[in-house]
Amino acid sequence: MAQALNVSDNRLPAYLRLRDDIARRIAAGEWKPDEALPSDNRLAAEHALSVGTVRKALQQLADEGLLERRQGAGTFLRKPAFDATLFRFFQVREHGSEQSIPTSRLISRAQVTPTEHVAAALGTTEVIRIERLRCLSEQPLLFEEIYIPQSRFPGFATIPADEIGPLLYPVYFERFGVFVARAEDEVSFGTADHAVAQRLGLDEGAAVATIERTAFAMTGEAVEWRVAYGRADRFRYRSRIG
C-alpha cells in the first residue's frame, strides 16, 4: 500500500516532501547510525513515486550530511560524528603517521546556570556543562566547555564515564534520540586565561585558537553549544579553491 506524504506540504515538489518525510523518520529513530535505509525501489513503491524522485530526495539528504550513498551497497544513515571535525583545525598527525582521533578525558559534568550568550544560543537557562580535555600522544591538544539543554539530555550527568566514548554525538543519538544534523563553527584567536592555560599546559597569556560551535537538530533547534580552546602552535587551516 502506498504511504501518503505529508499533505500539509503538498505545495512543495514531491522530492522535497519525501525528503521531509524521511528526515522525520530519521529524527524519530527509525534507523540507527550506519544502518541501511530501504532500497530506492521500495521507497518508490511505498510513496507511489518514481525511482528518480526518490533518488533526488535521498541525494539531497546526502548533500545535507544526513545520509551516505554507497555504490552497490545502498543508502545509510550517516554516523553523527561532526564533533570529530573540530580536529580539521589542528595538526593531529605525529611524524607522518595517519590522522587519529585524540583521546578524551571527561573532567566534569554538572547542571549550571549558563551565561546569557549560552542561554540565548540554546534557548534555555537549564543546561548541563561538560568539561573535557582532548590529548594527542598524552599531550593536551584541546580543552572544551560543552553545554547541552537539560530537557533534551536528562541524566547525561550521571552516565558512567566509561560508557561515553571520544565522540559525543553518537551518544546523543543512541541514548537520547538527538541526531545532530549540522553544526556551525566560528574561529578566532586570543590568549589563555588561568584555567585554559592550566588545562593545556601553557603559560597564562599564551596564544590560543578558539572555536565556538553551535550544533543543530534536523528541526533547526540548537542542541549543543561548545567552545574549544587549542594551542595556537598546532592550529592549521587549509582551503582548496577551484
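Rules of the game
Residues numbered from 1 in each chain as written. Predicted model: local features only at pLDDT ≥ 70, side-chain atom pairs only at ≥ 80, totals over all residues. Heavy atoms only, no water. Core = buried A, V, L, I, M, F, W, Y, C linked by side-chain atoms within 4.5 Å. Buried < 20%, exposed > 50% of the residue type's maximum accessible area, 1.4 Å probe, protein only. Helix = DSSP H or I, 4+ residues; strand = E, 2+ residues; numbered from the N terminus. Contact = heavy atoms within 4.5 Å. pLDDT = per-residue confidence, 0-100. Salt bridge = Lys/Arg side-chain N within 4 Å of Asp/Glu carboxyl O. Pairing = 2+ DSSP bridges. Axes fitted to C-alpha atoms, helices over the stretch in contact; angles between N-to-C directions. Phe/Tyr/Trp six-rings, centres within 6.5 Å; stacked < 30°, edge-to-face > 60°. Lys NZ or Arg CZ within 6 Å of the ring centre and 35° of its normal.

A separate point is the nonpolar core. Among the nonpolar cores identified, the biggest contains 22 residues, and Ile22, Ile26, Leu37, Leu58, Leu67 and Leu77 are the most heavily contacted of them. Residue contributions to this core peak at six residues, all from helix α1 (residues 14-27). The residues touching Leu67, leaving out its near neighbours within four places in the chain, are Ile26, Leu37, Leu58, Leu61, Ala62, Thr75, Phe76, Leu77 and Arg78. Val118, Phe143, Tyr147 and Leu202 belong to the second largest nonpolar core, which has 19 residues in total.

Our next topic: the environment of Glu204. Mapped onto the elements, Glu204 comes out in the loop between α6 (194-200) and β7 (207-217). Glu204 gets classed as exposed once you look at its relative accessible area, which sits at 56%. Those residues within four positions of Glu204 in sequence are excluded, and the remaining contacts are Ala192, Asp193, His194 and Ala197.

Looking at the chain as a whole, its pLDDT mean stands at 84, while 84% of the residues score no less than 70. Across the chain, helix α4 (residues 116-122) holds the top mean pLDDT of 96, while α1 sits lowest at 85.

Any two side chains of opposite charge can pair, given that their charged atoms come close. For the structure on display, the rule yields 18 salt bridges. Between Asp21 and Arg24 there is a salt bridge, with the nearest N and O atoms lying 3.8 Å from each other. Linking Asp21 with Arg24, this pair stays in helix α1, spanning three residues, or about one helical turn. When the shortest N-O distance is used, the salt bridge between Asp40 and Arg55 registers 3.1 Å. In this pair, Asp40 sits in helix α2 (residues 40-47) while Arg55 sits in helix α3 (residues 51-63), placing the two residues 15 residues apart along the sequence.

Right, let's talk about the sheet that holds strand β3 (residues 103-112) for a bit. Overall, antiparallel pairing links the six strands, which are arranged β3-β4-β5-β8-β7-β6 in an open sheet. Two strands lie at the open edges of the sheet, namely β3 and β6 (180-191), each paired on one side alone. Between one strand axis and the next, the sheet turns by 15° as a mean value, whatever way the strands run. Inspection of the sheet shows β6 paired to β7 by 11 bridges, in the antiparallel sense. Bridge assignment links Glu186 to a residue of β7, and that residue is Glu212.

What the rule picks out here adds up to nine aromatic pairs. Geometrically, the ring pair formed by Tyr169 and Tyr172 is tilted, given 5.5 Å between the ring centres and 35° between the ring planes. Taken together, the positions of Tyr169 and Tyr172, both in helix α5 (residues 169-176) and three residues apart, correspond to about one turn of that helix. Like Tyr169, the residue Tyr172 is buried in the burial classification. Taken together, a centroid distance of 4.9 Å and an interplanar angle of 80° make the contact between Phe189 and Phe235 edge-to-face. Taken together, the residues span a long stretch of sequence, with Phe189 in strand β6 and Phe235 in the segment after β8 (222-231) at a distance of 46 residues. Ring pairing ties together the aromatic residues Phe153, Phe156, Tyr169, Tyr172 and Phe176, which thus form one cluster. One Lys or Arg, Lys56, reaches over the ring of Tyr15 and ends 4.3 Å from the middle of that ring.

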